[in-house]
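Here is what each chain is made of, one letter per residue.
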Amino acid sequence: VQLQASGGGLVQPGGSLTLSCSAPGSIFGFSTMGWYRQAPGEQRELVARITSGGNTNYADSVKGRFTISRDNAKNAVYLQMNSLKFEETAVYYCSADPPPSWGLRTYWGQGTQVTVSS
């Protein structure tokens with residue numbers, strides 16, 4: 001199972017960026033999709049998640065600035081990031097969590113670099 005993340009890049013503080021991630025249709029529609037990030041020397045942390053039913057949760061640090069959404073017809077999940085801060089420079093990873101009853105592990109994308117710099 002391969003997740004493809006894209007959309008990273010260089011953005012100025014206060015700017016916006018949208019990340020995209022696609023997953024195989026065999027798992028996407030049933031999976032909770034997530035975005036995580038990992039800064040150099042730091043642990044990977046949750047940014048946002050969205051369930052198959054569209055329920056969302058966010059890290060406190062991004063609430064009100066980031067929006068996660070999914071398009072089940074396109075097997076894609078997005079992360080709209082606004083008002084980006086220097087400290088949000090990191091590699092951003094998308095994830096797919098199939099239903100627990102399937103007995104499958106979490107799947108990860110390859111990561112996309114987001115650099116917030118002036």
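This text gives an overview of the structure that appears in the document. Since we're looking at a predicted model, the values are computed, not measured.

About the cut-offs
Residues numbered from 1 in each chain as written. Predicted model: local features only at pLDDT ≥ 70, side-chain atom pairs only at ≥ 80, totals over all residues. Heavy atoms only, no water. Pairing = 2+ DSSP bridges. Helix = DSSP H or I, 4+ residues; strand = E, 2+ residues; numbered from the N terminus. Axes fitted to C-alpha atoms, helices over the stretch in contact; angles between N-to-C directions. Phe/Tyr/Trp six-rings, centres within 6.5 Å; stacked < 30°, edge-to-face > 60°. Buried < 20%, exposed > 50% of the residue type's maximum accessible area, 1.4 Å probe, protein only. Lys NZ or Arg CZ within 6 Å of the ring centre and 35° of its normal.

1. Description of the sheet that holds strand β8 (residues 76-81)
Inference 1: Strand order across the open sheet formed by four strands is β1-β3-β8-β7, with antiparallel pairing between neighbours. With partners counted over all chains shown, the strands left at the sheet margins are β1 (4-6) and β7 (66-71), one partner each. Here the strands of the sheet are splayed against their neighbours by 15° on average, with no regard to which way each runs.
Inference 2: As paired strands, β7 and β8 are joined by six bridges and run antiparallel to one another. When the sheet's bridge partners are listed, Ile68 is paired in β8 with Leu79.

2. Topic: the packing of aromatic side chains
Inference 1: Scanning the entire structure with this criterion turns up two aromatic pairs.
Inference 2: Judged by centre distance (5.3 Å) and plane angle (55°), the rings of Phe30 and Trp102 are tilted. Here Phe30 is found in the loop between α1 (25-28) and β4 (32-38), whereas its partner Trp102 is found in the loop between β9 (90-97) and β10 (107-108), with 72 residues between them in sequence.
Inference 3: According to the relative accessible area criterion, Phe30 is exposed, its value standing at 52%.
Inference 4: Judged by relative accessible area, which is 34%, Trp102 ranks as partly exposed.
Inference 5: Each ring, one from Tyr36 and one from Trp108, has its centre 5.0 Å from the other, and the planes form 70°; the classification is edge-to-face. Within this pair, whereas Tyr36 is found in strand β4, its partner Trp108 is found in strand β10, the two being separated by 72 residues in sequence.
Inference 6: Exposure remark for Tyr36: the relative accessible area of 17% places this residue in the buried category.
Inference 7: Given a relative accessible area of 33%, Trp108 falls into the partly exposed group.
Inference 8: Positioned above the aromatic ring of Tyr93, the side-chain terminus of Arg44 is 3.8 Å from the ring centre.
Inference 9: Over the aromatic face of Phe28 sits the side chain of Arg70, whose NZ or CZ is 4.5 Å from the ring centroid.

3. Quick notes on the pairing of β9
Inference 1: The buried fraction of β9 is high, at seven of eight residues.
Inference 2: Where β4 meets β9, seven bridges bridge the pair, whose relative direction is antiparallel. Paired with Thr32 across the bridge in β9 is Asp97.
Inference 3: Of the pairings in the sheet, the one linking β9 to strand β11 (residues 112-116) comprises three bridges and is antiparallel in character.

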